[in-house]
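# Descriptive analysis of the structure
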Amino acid sequence: MDIGTYAGIVWRALDEESQGMSLSALMSKVNLSTFEVAAGIGWLARENKIWIAGNSEEDMHLSVSQERYY
């Protein structure tokens, strides 16, 4: 698999949870290594597709960015 595939898996997992989830919950939900999840998160963050809140791995919260058109 490539990084775009990891990003897709991570995005779909986050999209299923309307309130987002913690990093540990995401890791439990997807069948990817730590590197693969991190690569997917990086791709999505660079594309502004997800929000990342928290200051550490223990309190990190991830959610899908909602596109708004005015």
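Structure: above.
Reading the values: the criteria
- Residues numbered from 1 in each chain as written.
- Predicted model: local features only at pLDDT ≥ 70, side-chain atom pairs only at ≥ 80, totals over all residues.
- Heavy atoms only, no water.
- Helix = DSSP H or I, 4+ residues; strand = E, 2+ residues; numbered from the N terminus.
- Rg over C-alpha atoms; globule rule 2.2 N^0.38 Å.
- Salt bridge = Lys/Arg side-chain N within 4 Å of Asp/Glu carboxyl O.
- Buried < 20%, exposed > 50% of the residue type's maximum accessible area, 1.4 Å probe, protein only.
- Expected span 1.5 Å × (residues − 1).
- Contact = heavy atoms within 4.5 Å.
- Polar contact = N/O pair within 3.5 Å; in protein donor to acceptor, adjacent residues only side chain to side chain.

When helices and strands are counted, the chain shows 3 helices and 3 strands. In sequence order, the chain lays out its α and β elements as α-β-α-α-β-β. The globule rule puts the C-alpha radius of gyration for 70 residues at 11 Å, and the 11 Å found for the chain is close to it. Seen through its C-alpha atoms, the chain measures out along the principal axes to roughly 40 × 25 × 20 Å.

Looking now at the pattern of salt bridges. Considering all chains together, one arrives at 2 salt bridges under this definition. Two residues, E16 and K29, come together in a salt bridge whose shortest N-O distance is 2.8 Å. Of this pair, E16 sits in the loop between helix 1 (3–15) and strand 1 (21–22) while K29 is found in helix 2 (residues 23–29), placing the two residues 13 residues apart along the sequence. With a closest N to O distance of 3.2 Å, E17 and K29 form a salt bridge. With a gap of 12 residues between them, E17 in the loop between helix 1 and strand 1 and K29 in helix 2 connect regions that are remote in the sequence. Classification of E17 as partly exposed rests on a relative accessible area of 33%. Under the relative-accessibility criterion, K29 is labelled partly exposed at 36%. One salt-bridge network, held together by shared partners, links E16, E17 and K29.

Here helix 3 (residues 34–46) contains 13 residues, and its C-alpha end-to-end distance of 18 Å stays within 8% of the 18 Å for a straight helix at 1.5 Å per residue. Along helix 3, the positions that sit buried rather than exposed are E36, V37, A39, G40, I41 and L44. Contact partners of the buried residues in helix 3: helix 1, helix 2, strand 2 (50–53) and strand 3 (61–64).

This part is about helix 1. Taking 1.5 Å per residue, 13 residues should reach 18 Å; helix 1 reaches 18 Å between its end C-alpha atoms and fits that length. Considered for burial, the residues of helix 1 that qualify are Y6, A7, G8, V10, A13 and L14.

So, about the environment of K29. Note: C-alpha distance between K29 and E57 (28 residues apart in sequence) is 16 Å. Not counting residues up to four positions away in its chain, the partners in contact with K29 are A13, E16, E17 and M21. Of note is the side chain of K29, whose polar atom sits 3.2 Å from the side chain of E17.

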